[in-house]
Amino acid sequence: MLIKGERTFVVRDMGGFIVHINMPGWLQHKPTDHGHGPLAMVVESILHPGRVIAMHEHRNDEIISWVPAGVMRHEDKITGRLITDRNSLMVMNAGRSFWHSEETLQSDPPLRMLQVLVRPSAMDLEPKIQHGPIPSAEPNLWRHLVGPEGSKAPFYVRNAVDFLDIRLEADAVVAFPHMPGRDLYFHVFTGSVVADGQKFDEREQGLLLSGAPLTMRAKSSSVVVAFLLDPHAPVVRRGTVGDHRKIPPPIVIRAVKGWKRLQRLWLANWGFRQGVFWK
């Protein structure tokens, strides 16, 4: 079953640093977790030119930094300064502790990127950072960028998650990656696609709760990212960001989703009756 998720309502503006936080687990009809298995959250980060995020610590988060355009300037206490752009990727395996800062220069273009928070399989692992080039993107072909440690992907996270991206031409029809025993989560970064008869516009998301095949058609030029994940993989829910203590519990999200459904139903019925009344 393919579940459609609308644009996230969790948006924080911190003055030149804006985040749209997508919670894969909240797409389910009765959420029991904000994440879905080892995939804790997918954060769209917008950084204005000249904005600095000061040195800060991460623990027990595996963080993929995917930059489709612009530059993200990183500094940490181990490797020093690194620049991530459309030709490179960074994975920060925070483990027991990792400190870093991020910034854009005044001369840089506005930055819009994804930072993916993956739950590790064990507590307080050895901190590491991976940074390097990625293959050039070819139209209508998936790029396998990140996989579990030991996989054939050029970068790894320490749990059962594979990360891929694709740049679609208008009207292209492409199958999503699939794997037995893995669920599929995808996010439309730009453009618009149709999958299983449902339209997914920019910043919308989908969750397929099976390893069944699924295809999509691009209604316009689009950029889509996809994750294959094992929903039953062992996870550590102690990430400083991915499982932050201020994330609302599932019972609150169930209430919010119920209220939204009731509100849509009420507005639809009231709008119809009001139109009839005033004729």
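That block above? That's the structure.
If you're wondering where the values come from, they're calculated on a predicted model, not measured in any experiment.

All right, on to the overall build of the protein then. Counting its regular elements, the protein contains 1 helix and 22 strands. In terms of overall dimensions, the protein is globule-like: its C-alpha atoms have a radius of gyration of 19 Å, near the 19 Å expected for 279 residues. Principal-axis analysis of the C-alpha atoms gives the protein an extent of 70 × 45 × 40 Å. Of all 279 residues assigned to the protein, the portion counted as buried reaches 51%. At a minimum sequence separation of 6, the contacts of the protein that also span at least 24 residues come to 74%. Only carbon and sulfur atoms are counted for the fraction: they give 56% of the accessible area of the protein, which is about 13400 Å². Side-chain charges in the protein split into 34 positive and 28 negative, and the spacing between the mean points of these groups amounts to 8 Å.

Our focus in this paragraph is the sheet that holds strand E19 (residues 198-201). Taken in spatial order, the 4 strands line up as E16-E21-E18-E19 in an open sheet, and their pairing is antiparallel. Only two strands of the sheet have a single partner each, and these edge strands are strand E16 (173-175) and E19. Ignoring strand direction, the axes of neighbouring strands in this sheet form an average angle of 30°.

Our focus in this paragraph is the packing of aromatic side chains. Under the defined criterion, the tally for this structure stands at 8 aromatic pairs. With 6.4 Å between their ring centres and 90° between their planes, Trp66 and Phe163 make a pair best called edge-to-face. Of this pair, Trp66 sits in strand E6 (residues 62-66) while Phe163 sits in strand E15 (residues 161-168), placing them 97 residues apart in sequence. Of the residues examined, Phe163 reaches a relative accessible area of 0% and is grouped as buried. The interplanar angle of 65° and the centroid separation of 4.9 Å between the aromatic rings of Phe186 and Phe200 together place this pair among those described as edge-to-face. You can see Phe186 sitting in strand E17 (residues 183-190) and its partner Phe200 sitting in strand E19, a full 14 residues away along the chain.

A positive phi angle, near 75°, is found at Asp171, a position not held by glycine. Relative to the helices and strands, Asp171 is located in the loop between E15 and E16. On the basis of relative accessible area, Asp171 is assigned to the exposed category, the value being 55%. Of note, the phi angle at Arg203 is positive, near 75°, even though the residue is not glycine. Note on placement: Arg203 falls in the loop between E19 and strand E20 (205-208).

A separate point is the environment of Asp61. When you line up the elements, Asp61 lands in the loop between strand E5 (52-58) and E6. Residue classification places Asp61 among the buried positions, given a relative accessible area of 2%. In this structure, the C-alpha to C-alpha distance between Asp61 and Pro127, residues 66 residues apart in sequence, is 9.9 Å. Not counting residues within four places of it along the chain, the set of residues in contact with Asp61 comprises Met92, Asn93, Ala94, Gly95, Leu117, Val118, Gly239, Thr240, Val241 and Gly242.

Here E5 runs beside strand E10 (residues 98-103); their pairing, made up of 5 bridges, is antiparallel. Of the residues in E10, the one forming a bridge with Val52 is Glu103. Direction of pairing for strand E7 (residues 72-76) relative to E10: antiparallel, over a ladder of 4 bridges. Following the sheet pairing, Glu75 is matched in E10 by Ser101.

Structurally, the position occupied by Arg59 is in the loop between E5 and E6. Judged by relative accessible area, which is 35%, Arg59 ranks as partly exposed. For the pair Arg59 and Asp243, spaced 184 residues apart in the sequence, the C-alpha separation amounts to 10 Å. In contact with Arg59, other than residues within four places in its own chain, are Ala94, Gly95, Arg96, Ser97, Arg238, Gly239 and Thr240.

Quick notes on the rules
Residues numbered from 1 in each chain as written. Predicted model: local features only at pLDDT ≥ 70, side-chain atom pairs only at ≥ 80, totals over all residues. Heavy atoms only, no water. Helix = DSSP H or I, 4+ residues; strand = E, 2+ residues; numbered from the N terminus. Rg over C-alpha atoms; globule rule 2.2 N^0.38 Å. Buried < 20%, exposed > 50% of the residue type's maximum accessible area, 1.4 Å probe, protein only. Contact = heavy atoms within 4.5 Å. Areas by Shrake-Rupley, 256 points an atom, 1.4 Å probe, with all protein chains shown as cover. Lys, Arg positive; Asp, Glu negative; His and termini not counted. Charge placed at Lys NZ, Arg CZ, Asp CG, Glu CD. Pairing = 2+ DSSP bridges. Axes fitted to C-alpha atoms, helices over the stretch in contact; angles between N-to-C directions. Phe/Tyr/Trp six-rings, centres within 6.5 Å; stacked < 30°, edge-to-face > 60°.

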